[in-house]
Amino acid sequence: MHRSLRLSVERQALIANWRWLQDRAGVPAGAAIKANGYGLGAHEAMTALARAGCRDFFVSTYAEAEELGPLAEGLSLAVLHGPQPADHAVALASVARPVLNSVEQVARWREIAPGRACDVMVDTGMNRLGLRVGETGALAGLTIDTLHSHLACADEDSPVNLRQLEAFSDLATAISAKRYSLANSAGICLGRDFSFDLVRPGLALYGGIPRSEAGGQIVQVARVEAQVVQRRTIRAGESCGYGCTFTAETDTQAAIINVGYADGYLRGFSSRGEALAGERKLPVLGRVSMDLTAVGCDSAPELKEGDWVELNYDLLSAAAASGLSQYELLTSLGSRFERRWTN
Ligand SMILES: *Cc1c(COP(=O)(O)O)cnc(C)c1O
């Protein structure tokens with residue numbers, strides 16, 4: 001079947017980003033591959049990174065763990081949400097470790113899997129998932145592989161970062177575990193004090209720049225291409241698209257391309273995004289529709305029906321243009337894209 005949208009993912013770029021993060025951290029780097037590898041393909045990402053030497057992988061749910069299929073020898077997988085009661089049968093049959101997030105999850109795990117290793121998340125200031133520091137007495141006697149906490153503001157220069165670091169250092173002294181892990185992508189950029197034994201990058205693996213320290217180091221991994229459905233002239237004084245928000249001052253050539261908000265090219269790109277025909281920039285004209293977007297192509301006289309154009313999906317500049325986060329840009333890309341992994 002012909003798919004008219006392409007999402008190309010470059011393995012070597014993914015691996016180069018992982019290596020940079022691991023070098024920067026100075027300890028082993030795992031990989032968050034939740035949400036289908038941030039939208040790019042969890043199984044492909046895991047396979048590529050495992051070949052490069054990555055050993056620790058993180059998904060959010062047991063459904064995601066199951067979708068990955070059997071785990072290759074020597075790899076470790078942890079499930080960040082831990083087991084809900086409805087997951088117990090799957091959790092017991094799975095080689096994945098749960099990340100236990102509450103006193104209740106700890107009690108249930110002791111009951112259904114006595115003595116079996118698990119990970120634990122302790123909350124040090126984010127108030128999302130994790131036992132409170134005052135509840136960690138409930139961990140006595142548990143076989144903990146990795147004790148985690150998660151940074152709330154690592155992408156900013158916030159005093160919260162040091163407070164969480166101090167709280168986690170105290171926990172690492174008090175609670176016995178094989179390994180300790182605190183840093184996500186942005187946390188790795190904060191410095192090696194945050195590394196402990198294992199880091200858990202996600203965004204930066206896939207080309208996101210979480211902080212300025214990663215600028216010029218982390219490379220683009222995913223490229224988005226769409227096809228021209230029609231080329232037309234918008235005459236001076238005419239408008240295009242819903243709401244007629246763009247009006248041509250002079251005769252303007254437009255290429256109508258087959259991507260829209262149903263594909264995750266959201267309306268924040270209206271009049272702000274751009275496509276690329278080689279080096280030439282083609283600005284989005286007016287509103288993004290569900291399945292179509294108009295781009296100005298006066299600079300590309302050869303562009304015609306069926307031709308491919310790349311969308312500018314450099315995550316930092318696309319985030320600035322659209323008002324979306326780099327995370328949203330990756331994870332919202334829809335099912336009409338053919339995901340093509342290249343070397
Ligand atoms: C998603 C997630 C990560 C990865 O975070 P990035 O900001 O994408 O690097 C790490 N740890 C936990 C607990 C997460 O939920």
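Residues numbered from 1 in each chain as written. Predicted model: local features only at pLDDT ≥ 70, side-chain atom pairs only at ≥ 80, totals over all residues. Heavy atoms only, no water.

An unreviewed UniProt entry annotates the protein as alanine racemase originating from Sphingomonas sinipercae. A UniProt comment under Sequence similarities (unreviewed entry) is attached to the protein, and it reads "Belongs to the alanine racemase family." (UniProt positions renumbered as here; feature names shortened; annotations may be inferred.)

Got a minute to help me understand the packing of aromatic side chains in this structure?
Centre-to-centre distance and the angle between the planes together describe a pair of aromatic rings. Taken as a whole and judged by the stated rule, the model has five aromatic pairs. On the basis of an interplanar angle of 5 degrees and a centroid distance of 4.2 Å, the ring pair of tyrosine 265 and phenylalanine 269 is categorised as stacked. In terms of burial, tyrosine 265 and phenylalanine 269 fall into one category: buried. Assessed through its relative accessible area of 1%, phenylalanine 269 is described here as buried. Members of the aromatic cluster, connected to one another through ring pairs, are Tyr38, Tyr206 and Tyr327. Across from the ring centre of tryptophan 308, 3.7 Å away, lies the NZ or CZ of arginine 6, which sits over that ring. (Phe/Tyr/Trp six-rings, centres within 6.5 Å; stacked < 30°, edge-to-face > 60°. Buried < 20%, exposed > 50% of the residue type's maximum accessible area, 1.4 Å probe, protein only. Lys NZ or Arg CZ within 6 Å of the ring centre and 35° of its normal.)

What exactly am I supposed to notice about the layout of surface pockets here?
The method is simple in principle: a probe with the dimensions of a water molecule rolls over the atoms, and the space it marks as empty is what remains. Estimated volume of the largest pocket: approximately 650 Å³. In terms of lining residues, the largest pocket is bounded by 31 residues, among which Lys34, Tyr38, Arg128, His150 and Asn184 are the most central. For the lining of the largest pocket, the elements supplying multiple residues, two or more each, are helix H2 (34-38), strand S6 (118-123), helix H8 (185-189) and helix H10 (326-331). For the lining of the largest pocket, a count of residues per class yields 16 nonpolar, ten polar and five charged. Lining the second largest pocket are Ala65, Glu66, Gly69, Pro70, Leu71, Leu77, Val90, Ala93, Ser94, Val95 and Ala96. Sorting the residues of the lining of the second largest pocket by element identifies helix H4 (62-67) and helix H5 (88-93) as the ones contributing at least two each. Per-class residue counts for the lining of the second largest pocket are eight nonpolar, two polar and one charged. (1 Å grid on protein atoms, 1.4 Å probe; cavity = no way out; pocket = protein on both sides within 12 Å on 5 of 7 lines; lining within 4 Å. Points joined across faces, edges and corners; volume = space filled by probe spheres on them. Helix = DSSP H or I, 4+ residues; strand = E, 2+ residues; numbered from the N terminus. Nonpolar A, V, L, I, M, F, W, Y, C, P; charged D, E, K, R; others polar.)

Help me out: how do you make sense of the UniProt feature "modified residue: N6-(pyridoxal phosphate)lysine" (unreviewed entry) in the protein in this one?
The feature "modified residue: N6-(pyridoxal phosphate)lysine" (unreviewed entry), as given by UniProt, occupies Lys34 in the numbering adopted here. When you line up the elements, lysine 34 lands in helix H2. Using a relative accessible area of 24% as the deciding quantity, one classes lysine 34 as partly exposed. Not counting residues within four places of it along the chain, the set of residues in contact with lysine 34 comprises Phe58, Val59, Ser60, Glu64 and Leu80. (Contact = heavy atoms within 4.5 Å.)

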